[in-house]
Amino acid sequence: MEIEVGSANVYQDLDLPNASEMQVKSQLAAKIGAIIKARHLTQIQASEILGLSQPKLSEMLRGKFRGISEAKMMECLSRLGRDVQIVVKSAPRSRKEGRIEVVFA
């Protein structure tokens, strides 16, 4: 059996379009789901807090988030009591392009 080592981005490994965006959205959706679970909220309760329909929330939590922007996901985190910061800094000289990543504190 041949094993291929992947990157940290499964969407990139699958050669999907917008891989970086999809990776960020998946991390944000996972965090939203974890907070909802930790607070023992039903999807209906959470959808009311987040300003999303329950079916849209359900889709997002199952990884179907193409119709939901990163900005909306950050707003959801804010509505769940989380501060969201966007930090822009210079990339190291070893890379010619910057990268987008999500860091949870």
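Residues numbered from 1 in each chain as written. Predicted model: local features only at pLDDT ≥ 70, side-chain atom pairs only at ≥ 80, totals over all residues. Heavy atoms only, no water.

Chemist: Help me understand the packing of helix H2 (residues 19-38) against helix H4 (residues 54-61), please; the structure alone is not making it clear to me.
Modeler: Pairs of packed helices are described in terms of their axes, by the angle between the two and the distance that separates them. At a minimum axis distance of 9 Å, the contact between H2 and H4 shows a crossing angle of 115°. On H4, the residues touching Ala-29, Ile-32, Gly-33 and Ile-36 of H2 are Leu-57, Met-60 and Leu-61. (Axes fitted to C-alpha atoms, helices over the stretch in contact; angles between N-to-C directions. Helix = DSSP H or I, 4+ residues; strand = E, 2+ residues; numbered from the N terminus. Contact = heavy atoms within 4.5 Å.)

Chemist: Teacher, can you tell me more about the nonpolar core here?
Modeler: Soluble globular proteins tend to bury their nonpolar side chains together. Core analysis: the biggest nonpolar cluster contains 22 residues, and Ile-32, Ile-36, Leu-50, Met-60 and Met-73 have the highest contact counts within it. Elements that contribute at least two residues to this core include exactly H2, helix H3 (43-50), H4 and helix H5 (70-79). The element contributing the most residues to this core is H2, with eight residues. (Core = buried A, V, L, I, M, F, W, Y, C linked by side-chain atoms within 4.5 Å. Buried < 20%, exposed > 50% of the residue type's maximum accessible area, 1.4 Å probe, protein only.)

Chemist: How do you make sense of the packing of aromatic side chains when you look at a structure like this?
Modeler: Each aromatic ring pair is summarised here by two numbers: the centre-to-centre distance and the angle between the ring planes. Across all of its chains, the model carries zero aromatic pairs by this definition. Its guanidinium or amino end placed over the ring of Phe-104, Lys-31 lies 5.3 Å from that ring's centre, counting from NZ or CZ. (Phe/Tyr/Trp six-rings, centres within 6.5 Å; stacked < 30°, edge-to-face > 60°. Lys NZ or Arg CZ within 6 Å of the ring centre and 35° of its normal.)

Chemist: Can you walk me through H3 in this structure?
Modeler: One full turn of an α-helix is made of 3.6 residues, so residues set three or four places apart face in the same direction. When we look at burial in H3, the residues that qualify are Ala-46, Ser-47 and Leu-50. Looking straight down H3, one finds its buried side chains confined to an arc of 100°; they lie on one side. Exposed and facing more than 90 degrees away from the buried side of H3 are Ile-44 and Glu-48. Against the buried residues of H3 lie H2, H4 and H5. The first or second residue beyond H3 is Gly-51, which carries a positive phi of 75°. (Arc of directions from axis to C-beta.)

Chemist: In this structure, what is going on with the pattern of salt bridges? I would like to understand it.
Modeler: In a structure, side chains of opposite charge can pair up when their charged atoms sit close to one another. As enumerated under the stated definition, the model contains four salt bridges in all. Among the ionic pairs, Glu-75 bridges to Lys-72, the shortest N-O distance being 3.2 Å. Residue Glu-75 and its partner Lys-72 are located together in helix H5, separated by three residues, close to a single helical turn. (Salt bridge = Lys/Arg side-chain N within 4 Å of Asp/Glu carboxyl O.)

Chemist: Would you mind going over the UniProt feature "domain: HigA2-like helix-turn-helix" (unreviewed entry) in the chain with me for this structure?
Modeler: Under the local residue numbering, the UniProt record ascribes the feature "domain: HigA2-like helix-turn-helix" (unreviewed entry) to residues 10-89. Here residues 10-89 runs as 62% helix and 0% strand, with 25 Å between its end C-alpha atoms. (UniProt positions renumbered as here; feature names shortened; annotations may be inferred.)

Chemist: For this particular structure, what's the right way to read the side chain of Ser-47?
Modeler: Mapped onto the elements, Ser-47 comes out in helix H3. Looking at Ser-47, the relative accessible area reads 8%, which means it is buried. Discounting residues that sit within four places of it in the chain, Ser-47 has contacts with Leu-52, Ser-53, Gln-54 and Leu-57.

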